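The primary structure of each chain is shown beneath.
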Amino acid sequence: MASEIRLTRLAECAGCGAKVGAGVLAQLLEGLPTHTDPRLLVGYDKSDDASVYQISEELALCQTVDFFPPIVDDPFQFGQIAAANALSDVYAMGGEPKLALNLLCVSPEMDDAAVRAVLRGGYDKVYEAGAIITGGHSIRDREPKYGLAVTGFVHPAKVLRNDRARVGDVLILTKPLGVGVAVTAAKAGLADEALVRQVTAQMAFLNKAARDVMVRFPVGSCTDVTGFGFLGHALEMARGGEAAVVVESAKIPLLPGVLALAEMGLLPEGMYRNRRFAEGHTHVADGVSLAMQDLLYDPQTSGGLLMAVSEKDAPALLRALRDELPCAEAVGYVVEKRDGAYLMVT
Amino acid sequence: MTVKIDALGKACPTPVILAKQAIDGGVRDLTISVDNDMAVQNLSRLAQSQHMTAQAVPISGGFDVHITGEGGGETAPETVCCPAAEHTEDCTFFIGKDHIGEGDGELGRSLMKMFLYTLTQRAEPPRALLFMNSGVRLPAGEAQIVESLQALEKKGCEILVCGTCLNFYNLAGELKVGTVSNMYDIVERMDAAAKVVTV
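Source: prediction; values computed, not measured.

Asker: Mind showing me how you'd approach the overall build of chain A here?
Answerer: Helices and strands together make up the secondary structure of chain A, namely eleven helices and 13 strands. With respect to the three principal axes, the spread of C-alpha positions in chain A is 55 × 50 × 45 Å. Residue burial in chain A is summarised as follows: out of 346 residues, 60% are buried. Pairs at least 24 apart in sequence give 85% of the contacts found in chain A among residues at least 6 apart. Total accessible area on chain A stands at roughly 13900 Å², and carbon and sulfur atoms take up 52% of it. On chain A, the mean spot of the 32 positive side-chain charges and the mean spot of the 43 negative ones are 2 Å from each other.

Asker: What am I meant to see in unusual backbone geometry here?
Answerer: For residues besides glycine, phi is generally negative; the peptide bonds are generally trans as well. Positive phi values are uncommon outside glycine, yet Glu242(A) reaches one of about 45°. As for its placement among the helices and strands, Glu242(A) is situated in the loop between helix H7 (229-240) and strand E9 (243-247). Even without a glycine there, the phi angle at His51(B) is positive, about 55°. Mapped onto the fold, His51(B) is located in the loop between helix H2 (37-49) and strand E3 (53-59).

Asker: For this particular structure, what's the right way to read the domain arrangement of chain A?
Answerer: For an interface, size is often stated in terms of accessible area lost upon the parts coming together. Residue and element names in this part refer to chain A. Segmenting chain A into domains produces domain 1 (2-158) and domain 2 (169-345). Between the C-alpha centres of domain 1 and domain 2 there is a distance of 21 Å. Put simply, domain 1 and domain 2 have zero salt bridges between them. Between domain 1 and domain 2 we count seven residue pairs in polar contact (both at pLDDT 80 or more) in total. Among the secondary structure elements, those contributing two or more residues to the side of domain 1 that touches domain 2 are helix H1 (22-29), helix H2 (75-92) and helix H3 (112-128).

Asker: Is there a simple way to think about the pattern of salt bridges in this case?
Answerer: Where charged atoms from two side chains of opposite charge come close, those side chains can pair. On inspection of all chains with the given rule, the structure shows 21 salt bridges over all chains. A salt bridge links Arg197(A) to Glu124(B); its shortest N-O distance comes to 3.8 Å. In this pair, Arg197(A) is assigned in helix H5 (residues 193-204) and Glu124(B) in the loop between helix H3 (105-120) and strand E6 (128-131), connecting two distinct chains. According to the relative accessible area criterion, Glu124(B) is buried, its value standing at 10%.

Asker: What should I look at first to understand the nonpolar core in this one?
Answerer: One broad trend across soluble globular proteins is that nonpolar side chains are buried collectively. Grouped together as the largest cluster of nonpolar side chains are 108 residues, with contacts concentrated most on Leu148(A) and Phe230(A). Ranked by the residues each element gives to this core, the list is headed by H2(A), at nine residues. Membership of the second largest hydrophobic core comes to 30 residues, among which are Phe94(B), Leu138(B), Val146(B) and Cys165(B).

Asker: Please explain the pairing of strand E8 (residues 221-224) of chain A as it appears in this structure.
Answerer: For a regular strand, side-chain orientation follows a simple rule: the groups alternate between the two sheet faces. Residues and elements named next belong to chain A. Because side chains alternate across E8, one face comprises the buried residues Ser221 and Thr223, and the other comprises Cys222 and Asp224, equally buried. Bridge count between E8 and strand E11 (residues 305-310): four bridges; the pairing is antiparallel. In the strand pairing of E11, Cys222 is matched with Met307.

Asker: When you look at the environment of Val331(A) in this model, what are you seeing that I'm missing?
Answerer: All names here are of chain A. Assignment of secondary structure puts Val331 in strand E12 (residues 329-336). Put simply, Val331 and Ala285 are 46 residues apart on the chain and 15 Å apart in space, counted from C-alpha to C-alpha. With residues near it in sequence (within four places) discarded, Val331 still touches Leu171, Leu173, Phe230, Val246, Val247, Glu248, Lys251, Ile252, Pro253 and Leu306.

Asker: Where do I start with the side chain of Ser134(B) in this structure?
Answerer: All names here are of chain B. Mapped onto the fold, Ser134 is located in the loop between E6 and helix H4 (143-154). Looking at Ser134, the relative accessible area reads 10%, which means it is buried. Ignoring sequence-local partners within four residues, the contact set of Ser134 consists of Gly96, Lys97, Asp98 and Tyr169.

Asker: I keep staring at the state of the cysteines and nothing clicks. Help me out?
Answerer: Formally, a disulfide is one covalent bond, and it connects the sulfur atom of one cysteine to the sulfur atom of another. The tally for this structure, following the rule as stated, stands at one disulfide over all chains. Here Cys162(B) is linked by a disulfide to Cys165(B), with a sulfur-sulfur distance of 2.4 Å. Handedness of the Cys162(B)-Cys165(B) disulfide follows from its S-S torsion of about 80°: it is right-handed. What makes Cys162(B) buried here is its relative accessible area of 5%. Given a relative accessible area of 13%, Cys165(B) falls into the buried group. Of the cysteine sulfurs around Cys62(A), a residue in no disulfide, the closest is that of Cys222(A), at 11 Å. A residue is classified by how much of its surface remains accessible, and Cys62(A), at 0% relative accessible area, is buried.

Rules and cut-offs
Residues numbered from 1 in each chain as written. Chains lettered and ligands numbered in written order. Predicted model: local features only at pLDDT ≥ 70, side-chain atom pairs only at ≥ 80, totals over all residues. Heavy atoms only, no water. Helix = DSSP H or I, 4+ residues; strand = E, 2+ residues; numbered from the N terminus. Buried < 20%, exposed > 50% of the residue type's maximum accessible area, 1.4 Å probe, protein only. Contact = heavy atoms within 4.5 Å. Areas by Shrake-Rupley, 256 points an atom, 1.4 Å probe, with all protein chains shown as cover. Lys, Arg positive; Asp, Glu negative; His and termini not counted. Charge placed at Lys NZ, Arg CZ, Asp CG, Glu CD. Domains from an automatic or database assignment. Salt bridge = Lys/Arg side-chain N within 4 Å of Asp/Glu carboxyl O. Polar contact = N/O pair within 3.5 Å; in protein donor to acceptor, adjacent residues only side chain to side chain. Core = buried A, V, L, I, M, F, W, Y, C linked by side-chain atoms within 4.5 Å. Pairing = 2+ DSSP bridges. Disulfide = S-S within 2.5 Å.

Right under this line is the structure:
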């Protein structure tokens with residue numbers, strides 16, 4: 001049976017934790033020649049969630065790619081999670097996924113049933129998203145990996161960039177944090193069954209419902225919270241808007257038990273990378289525990305959407321989101337940048 | 001006596017697991033060798049959570065982390081948040097009367113109240129609750145039952161209540177939770193469910 005293979009044993013890094021750190025990435029990309037095209041509305045110079053290319057007055061293409069090594073042991077669930085995570089970048093731009101291509105690395109330890117289960121998981125989520133898989137590419141590799149290249153549609157005037165926080169906006173987060181810690185604890189055998197079930201379900205949960213509610217409101221900026229951690233993504237939002245984000249740590253939704261696990265030092269390496277990247281821009285108030293800070297830097301796989309919306313529209317948006325996503329919470333707000341820090345954790 | 005653990009070359013979270021196992025086993029003085037700074041930081045967090053102290057000393061190829069203290073860690077209170085509803089169990093309940101089982105009516109109604117409350121205490125909500133015939137009295141009735149149903153609805157459970165039945169019992173204006181529905185939708189929910197349980 002496929003499920004007898006413990007996929008995470010075949011991988012060194014798990015999920016989005018395998019991502020190259022934001023700081024390193026910026027260095028790597030520096031100096032590479034870029035061609036411009038007036039129809040390219042969002043390119044990689046913006047470090048946004050997906051690139052956007054305008055086709056007509058009414059239509060722009062939204063493209064993204066994401067793949068990573070197994071984050072859970074079950075191959076079907078791994079397929080679902082990797083697909084939900086890749087599709088999420090299109091949702092974060094306010095778009096709708098339409099086409100997807102499989103990216104698959106098969107390791108020698110994986111039998112045919114496991115490979116098929118990964119692919120079935122991917123198909124399952126792409127189908128749920130209302131998109132179709134049109135092909136793909138697979139290669140042999142030491143470590144298994146899976147993900148998707150996704151193309152979606154978005155109205156050119158309704159593209160939601162990740163760096164447009166405006167003073168007075170409220171920030172709303174749609175999924176609890178703590179995925180990296182929960183997965184690390186699961187690997188250590190220290191996560192209880194309920195947490196493992198919940199984190200798995202959460203990672204496989206599409207950001208489609210969040211996106212569908214979001215586009216009915218005048219949201220100004222959006223990103224999905226993934227490998228760079230909550231503060232890494234909040235930093236991009238604040239920096240782009242030359243504003244400061246106040247994060248109300250007491251309001252941050254957390255997976256059950258992750259605070260205690262973070263206190264025990266069950267922290268993924270990605271947390272330290274994210275901390276190094278964003279720490280210099282972050283002011284933390286006295287009384288915010290180290291474990292809470294660690295969770296704010298914790299890399300998320302297939303995390304929720306982080307939306308910036310005016311204070312006036314925030315309550316209605318939050319109410320509408322909660323019909324679908326009971327964990328959605330207003331976790332911070334945007335103020336003028338005064339003392340140099342982009343992020344203020346209270 | 002110091003217990004020594006060699007965790008050189010071991011990736012996260014192995015050093016923490018090895019140290020935690022030792023501490024749980026009663027060790028109050030241990031030295032664990034690790035080869036990276038992140039492991040040092042994870043271990044000092046572990047020590048703190050166990051009310052112990054950690055000191056790192058550089059060695060060739062890494063660090064020796066010395067953990068000592070009385071121990072006896074307490075777990076901090078946790079922030080609990082409900083899950084984004086993912087119906088892994090995919091179970092739908094058909095509730096066709098306002099009590100459970102045959103026998104004493106009062107006992108039956110009390111059992112129903114307990115049953116609905118118990119559903120709210122489970123990790124996964126049912127996918128849907130379908131109320132028909134005298135079952136519609138439940139979402140139109142007692143506050144305690146309505147509260148349970150509201151909690152389930154908030155967790156993502158769909159609650160459909162037969163409109164014809166509400167009218168029949170003159171409860172059309174009394175519904176406090178759920179959506180007024182019809183035979184077509186109720187049959188469709190039954191058909192879509194992996195498992196339908198009749199209560």
